[in-house]
Amino acid sequence: MLPVLLASFTLFALMVLTFCDVVLRSAFSAPIEAATELTRIAIAIIVFASLPVLSGRGGHIAVDLLDPIFARLHLERLRDGIVTTLSGVMLLWPAWRIVDLAERARSYGDVTEYLAIPVSTVTWFIAIMTFLTAAVLIARGLMIWLAPRLLWEAGHD
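In this report, we go over the structure that sits alongside the text.

Calculation criteria
Residues numbered from 1 in each chain as written. Predicted model: local features only at pLDDT ≥ 70, side-chain atom pairs only at ≥ 80, totals over all residues. Heavy atoms only, no water. Helix = DSSP H or I, 4+ residues; strand = E, 2+ residues; numbered from the N terminus. Rg over C-alpha atoms; globule rule 2.2 N^0.38 Å. Contact = heavy atoms within 4.5 Å. Patch = residues over 30% accessible without salt bridge, like charges linked within 9 Å, V, L, I, M, F, W, Y side chains within 5 Å. Areas by Shrake-Rupley, 256 points an atom, 1.4 Å probe, with all protein chains shown as cover. Salt bridge = Lys/Arg side-chain N within 4 Å of Asp/Glu carboxyl O. Buried < 20%, exposed > 50% of the residue type's maximum accessible area, 1.4 Å probe, protein only. Expected span 1.5 Å × (residues − 1). Bend = angle between axes of the 7 residues up to and from the residue. Phe/Tyr/Trp six-rings, centres within 6.5 Å; stacked < 30°, edge-to-face > 60°. Lys NZ or Arg CZ within 6 Å of the ring centre and 35° of its normal. Axes fitted to C-alpha atoms, helices over the stretch in contact; angles between N-to-C directions. Parallel < 35°, antiparallel > 145°, perpendicular 65-115°, else oblique. Left-handed = near helix turned anticlockwise from the far one by under 90°. Nonpolar A, V, L, I, M, F, W, Y, C, P; charged D, E, K, R; others polar.

Here the focus is the overall build of the chain. If you tally the helices and strands in the chain, you get six helices and zero strands. Mapped from its N terminus to its C terminus, the chain presents α and β elements in the order α-α-α-α-α-α. At 20 Å, the chain has a C-alpha radius of gyration far larger than the 15 Å of a compact globule built from 157 residues. Each principal axis of the C-alpha atoms in the chain carries an extent, and together these give about 65 × 40 × 30 Å. When contacts within the chain are restricted to residue pairs at least 6 apart in sequence, those whose partners lie at least 24 apart make up 71%.

A word on a nonpolar patch on the surface. On the surface, a nonpolar cluster with roughly 990 Å² of combined accessible area is contributed by Val63, Leu65, Leu66, Ile69, Leu73, Leu75, Leu78, Ile82, Leu86 and Met90. By residue number, the principal contributor to the nonpolar patch is helix 4 (residues 76–108), which donates four residues. Mapped onto the elements of the fold, Leu73 is located in the loop between helix 3 (67–72) and helix 4. Leu73 gets classed as exposed once you look at its relative accessible area, which sits at 52%.

So, on to helix 2 (residues 35–56). In this model helix 2 runs 32 Å from its N-terminal to its C-terminal C-alpha over 22 residues, within 8% of the 32 Å that 1.5 Å per residue would give. Of all the bends found along helix 2, the most pronounced is centred on Ser50 and spans about 30°, while Pro52, a proline, follows it within four residues. Those residues of helix 2 hidden inside the fold are in contact with helix 1 (2–28) and helix 5 (119–146).

Evaluated as defined, the whole model comprises one aromatic pair. Over the ring of Phe70 we find Arg79, and its NZ or CZ is 5.1 Å from the ring centre.

With that settled, consider the packing of helix 4 against helix 5. Contact geometry for helix 4 and helix 5: axes closest at 7 Å, N-to-C directions at 165°. Taken together, the axis directions place helix 4 and helix 5 in an arrangement best described as roughly antiparallel. Considering the relative orientation of helix 4 and helix 5, their crossing is left-handed. Class assignment of the residues belonging to the contact of helix 4 with helix 5 gives a composition of 23 nonpolar, ten polar and five charged.

Over its 33 residues, helix 4 runs 48 Å from end to end, which matches the ideal 48 Å to within 8%, given 1.5 Å per residue. Looking at the buried positions of helix 4, the neighbouring elements they touch are helix 3 and helix 5.

Counting through the fold element by element, Met15 comes out in helix 1. When the C-alpha atoms of Met15 and Leu92 are compared, they prove to be 32 Å apart, with 77 residues separating the residues in sequence.

What follows deals with unusual backbone geometry. The phi dihedral of His74 is positive, around 55°, even though this residue is not glycine. Residue placement: His74 occurs in the loop between helix 3 and helix 4. A positive phi angle is found at Ala116, which is not glycine, with a value near 55°. Mapped onto the secondary structure, Ala116 falls in the loop between helix 4 and helix 5. Since its relative accessible area comes to 44%, Ala116 is described here as partly exposed.

This is the structure we're talking about:
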């Protein structure tokens, strides 16, 4: 999957950056000036590239305080479908807000401090991945209701 490869490559690059920054800082008192800037961008890429895959696999952390009640009433599938679908629908609002922020950053010409990377580029990436995550959650919620066997056969449940 492309998002997983992107997140993996970015994590590796972040590891190399951190190692080099620590060595240069400790041995030569010469830290990498843009390390903080690159770390922030890398963390955003790692998190938002991973989110659609994690959501598609149902890998989010869940609190199971009410699970025995839903199990006794045989309503687990109904609950999971509602929660997953509503999570996807609710995620659309922050995605649209991120689009607004990306457009604002583009119109202002905002760039990062050291490398002059357009802030809107990273923000657009976050927006697109948030929309993708919302779509994945909505699709997964509908599959829980309409075709749960497909999720079970794929090993995602």
